[in-house]
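Each chain, letter by letter, is given below.
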Amino acid sequence: MTQNGRIPFVDLLSPHRELESELLAVFKTALETAGFVGGPMVDEFEREYAQFCDAKFCVGVSSGTDALRFALLASGVQAGDIVLTVPLTFIATTEAISQAGGRPDFVDIDARTFTMDAERLRQYVQENCAFDEKSQRLVHVKLQRPVTAVIPVHLYGQTADMDPIMEMAAQYNLAVVEDACQAHGAEYFSVKENRWRKAGSMGHAAAFSFYPGKNLGACGEAGAVTTNDDALARKIRMLRDHGQAKKYFHDIEGYNGRLDSIQAGILRVKLRHLTRWNEQRRECARRYAELLAGVEDAIRVPHSPFWSRPVYHLYVIQVADRESIRKDLAAAGVDTGIHYPIPLHLAKAYLELGFRPGDFSQAERAAGSLLSLPMFPELTTDQQHTIVGAVLQSLAVRESAGPA
Ligand SMILES: Cc1ncc(COP(=O)(O)O)c(C=O)c1O
């Protein structure tokens, strides 16, 4: 419990208390060396994080949004290109598409994993597109625009089903940028390769966010792109630094999108604990599932297929009467979240794309019924008993009251 007696949704105080002296040492080094942007702390973090992800390269950038934008630009997305993603994600995914000059379009999610339904991706291509042999591009026939990239989102810490997505990408010459902003350390079993793969090592590039509340979080804004492609890594290094590989030799126009040295130093300290923290999150998820067993009719707990080893950035249940349960939990001192209440195709920001309710029914159903319970490595067994007790109590009250 926090000082005010509530169970917080996420605990950003405990890990910083635990690591305080090491984190302060990072600030001290930065002050003593005046190394604030770039330098050894960034280089070392990049090397260590690439290794953590089983990727050849990591390029530190200023946020997950920039990581997505730079990865798309470096992958060759041109103004007006269609980039496919899912409607159930944080808006940064589609913002990055628009900022790279692309036009977002959507493929619905799988009802159980909440990640991109690869079968619907195939349908999208078959029903809307033709492959132009001359340009070697997939073209959306009605919109007369090329479809050049796809962003599978590894939502809540669970990867998308990558094998079929990568297979289609190879078939239709699509760049795949994993949105791994919620999936530091998540793993996917590739049947095709008969081995476990890390999030961030499967697509042509992958974007990570180190926003403070993430499984690996900075003490401010930070992000990274991982890739196995040398040319892509070089291009992203230029894009993050005003288009220069050498000071004041600007080969292209870029951005100010670098990773601060202090944040890189902080991330290095925290990275050493990430595997343990992810294991603690998994333990919390196991305990939630145990405590919630027996009410499957009323509550759906997260589903992990055989190919997934999630890292539970969020622990998201599905309930029919979300608002009442949420209110009862708040009254019992338990903070919760909703990720996300409005699927992006129905967000005001995308009105001009012309989508309507019913267009992506799985994402809409999920958006109306998902509830995120507290999830962080330090969550105690007692706290989980309190949380689940309050959920069950709320259900019982509603059941005994009968249908409205
Ligand atoms: C799925 C997803 N994509 C992209 C982002 C963007 O990351 P950032 O906030 O670091 O720009 C986030 C972060 O919240 C996210 O959860």
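Please refer to the structure higher up on the page.
S.K.: So what exactly am I meant to see when it comes to the overall build of the protein chain here?
M.R.: Along the backbone of the protein chain there are 12 helices and 17 strands. If one aligns the C-alpha atoms of the protein chain with their principal axes, the spans along those axes are about 70 × 60 × 40 Å. The buried share of the protein chain, reckoned over its 404 residues, is 54%. Taking the contacts inside the protein chain whose residues are at least 6 apart along the sequence as the reference set, 71% of them involve residues at least 24 apart. Surface exposure of the protein chain reaches about 18,000 Å², of which carbon and sulfur atoms provide 51%.

S.K.: Help me understand the packing of helix 4 (residues 64-74) against helix 8 (residues 230-239) in this model?
M.R.: Between two packed helices, what matters for the description is the angle formed by their axes and the separation of those axes. Packing of helix 4 against helix 8 leaves a shortest axis separation of 9 Å and a crossing angle of 125°. With respect to each other, helix 4 and helix 8 are oriented oblique. Helix 4 and helix 8 meet at a crossing whose hand is right-handed. Mapping the contact onto sequence places Phe 70, Ala 71, Leu 73 and Ala 74 in helix 4 and Leu 232, Lys 235, Ile 236 and Leu 239 in helix 8. Of the residues in the contact of helix 4 with helix 8, the class split is 7 nonpolar, no polar and 1 charged.

S.K.: Teacher, can you tell me more about the site of the ligand here?
M.R.: Lining the immediate environment of the ligand, one finds 14 residues, of which Gly 64, Thr 65, Asp 179, Ser 209 and Lys 214 sit closest. Within the side chain of Thr 65, one N or O atom sits 2.5 Å away from an oxygen atom of the ligand. Note that an oxygen atom of the ligand is positioned 2.8 Å from one of the side-chain N or O atoms of Lys 214. Broken down by secondary-structure element, the contributors of at least two residues to the shell around the ligand are helix 4 and helix 5 (92-99). Considering each element in turn, the shell around the ligand owes the most residues, 3 residues, to helix 4.

Thresholds applied
- Residues numbered from 1 in each chain as written.
- Predicted model: local features only at pLDDT ≥ 70, side-chain atom pairs only at ≥ 80, totals over all residues.
- Heavy atoms only, no water.
- Helix = DSSP H or I, 4+ residues; strand = E, 2+ residues; numbered from the N terminus.
- Buried < 20%, exposed > 50% of the residue type's maximum accessible area, 1.4 Å probe, protein only.
- Contact = heavy atoms within 4.5 Å.
- Areas by Shrake-Rupley, 256 points an atom, 1.4 Å probe, with all protein chains shown as cover.
- Axes fitted to C-alpha atoms, helices over the stretch in contact; angles between N-to-C directions.
- Parallel < 35°, antiparallel > 145°, perpendicular 65-115°, else oblique.
- Left-handed = near helix turned anticlockwise from the far one by under 90°.
- Nonpolar A, V, L, I, M, F, W, Y, C, P; charged D, E, K, R; others polar.
- Near = heavy atom within 4 Å.
- Polar contact = N/O pair within 3.5 Å; in protein donor to acceptor, adjacent residues only side chain to side chain.

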